[in-house]
Amino acid sequence: MVWGFLMAFLLNLFFRCISVKTDNLLVIGSLIVALSYFISDHFHDLFDFAEIYLKWFIYDFTTLLIIIIFNVILRTKPSPGIIYVYSGLYFNGVIFLFMFLDIVVYQNKQEWLLWSIYKVGINIADFTMIVALITDRDVLGLIRFKRYLAKKYKSLFSK
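On a predicted model such as this, the values are computed, not experimentally measured, just so you know.

1. Brief notes about the layout of surface pockets
If a probe the size of a water molecule is rolled over the atoms, the empty space left behind becomes visible.
No. 1: Computed from the structure, the largest pocket encloses a volume of approximately 290 Å³.
No. 2: Taken together, 15 residues form the lining of the largest pocket, with Tyr37, Ser40, Trp56, Phe96 and Asp126 sitting closest to its centre.
No. 3: Of all the secondary structure elements, the ones that give two or more residues to the lining of the largest pocket are helix 2 (24–42), helix 3 (52–74), helix 4 (80–105) and helix 5 (113–135).
No. 4: Among the elements that make up the lining of the largest pocket, the one with the highest residue count is helix 5 (4 residues).

The following block contains the structure:
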């Protein structure tokens, strides 16, 4: 995954340099995610196995906050790639927190549904973030679905 995020950053940087894309937040966001995944991947051996979920939770939410801060500073509307990074980091962070609570706090040793969601969900979320950063498209249709729901239920919230 680290390699994928690095390639997404380099591609976005290249596109920015040749003016194919003008979205600075996409370049900065892909750099921040690549650095975060690189650091968390290479320094995870320093922590206890069970506590690694808490560390990854902290990494993901710190990365998310840093990208949001850059979004506010640049005052730009986030592109689909960045929206997918927001969603992916949030999903991963929540799953890491739940795994930490399950294994460390509740001391569960039996595999159950959460562990299966973790195994599959984390990889799908990471892969989707990489593809979204490279293509800068709504790859799963989540943004269109959100707009559809907002339009359909607008009358409920406009009162």
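2. Considering a nonpolar patch on the surface
No. 1: The grouping of Trp3, Leu6, Met7, Leu10 and Leu13 at the surface amounts to a nonpolar patch, some 460 Å² of accessible area in total.
No. 2: Tracing the sequence through the fold places Trp3 in helix 1 (residues 2–17).
No. 3: Of the residues examined, Trp3 reaches a relative accessible area of 62% and is grouped as exposed.

3. A short note on the packing of helix 4 against helix 5
When two helices pack together, their arrangement is captured by the angle between the axes and the distance separating the axes.
No. 1: Packing of helix 4 against helix 5 leaves a shortest axis separation of 9 Å and a crossing angle of 160°. With respect to each other, helix 4 and helix 5 are oriented roughly antiparallel. Along this stretch, helix 4 crosses helix 5, giving a crossing that reads as left-handed.
No. 2: When the residues that make up the contact of helix 4 with helix 5 are grouped by side-chain class, the tally is 18 nonpolar, 5 polar and 2 charged.

4. Some points on the packing of helix 2 against helix 3
No. 1: Orientation of helix 2 relative to helix 3, taken along the N-to-C sense of each, is 160°, at an axis distance of 10 Å. As judged from the angle between their axes, helix 2 and helix 3 are roughly antiparallel. In this structure, the crossing between helix 2 and helix 3 has a hand that is right-handed. For the pair formed by helix 2 and helix 3, the contact residues are Asn24, Leu25, Ile28, Gly29, Ile32, Val33, Ser36, Tyr37, Ile39 and Ser40 on the first element and Trp56, Tyr59, Asp60, Thr63, Ile66, Ile67, Phe70, Asn71 and Leu74 on the second.
No. 2: Residue classes in the contact of helix 2 with helix 3 are distributed as 12 nonpolar, 6 polar and 1 charged.

The rules behind these values
- Residues numbered from 1 in each chain as written.
- Predicted model: local features only at pLDDT ≥ 70, side-chain atom pairs only at ≥ 80, totals over all residues.
- Heavy atoms only, no water.
- 1 Å grid on protein atoms, 1.4 Å probe; cavity = no way out; pocket = protein on both sides within 12 Å on 5 of 7 lines; lining within 4 Å.
- Points joined across faces, edges and corners; volume = space filled by probe spheres on them.
- Helix = DSSP H or I, 4+ residues; strand = E, 2+ residues; numbered from the N terminus.
- Patch = residues over 30% accessible without salt bridge, like charges linked within 9 Å, V, L, I, M, F, W, Y side chains within 5 Å.
- Areas by Shrake-Rupley, 256 points an atom, 1.4 Å probe, with all protein chains shown as cover.
- Salt bridge = Lys/Arg side-chain N within 4 Å of Asp/Glu carboxyl O.
- Buried < 20%, exposed > 50% of the residue type's maximum accessible area, 1.4 Å probe, protein only.
- Axes fitted to C-alpha atoms, helices over the stretch in contact; angles between N-to-C directions.
- Parallel < 35°, antiparallel > 145°, perpendicular 65-115°, else oblique.
- Left-handed = near helix turned anticlockwise from the far one by under 90°.
- Nonpolar A, V, L, I, M, F, W, Y, C, P; charged D, E, K, R; others polar.
- Contact = heavy atoms within 4.5 Å.

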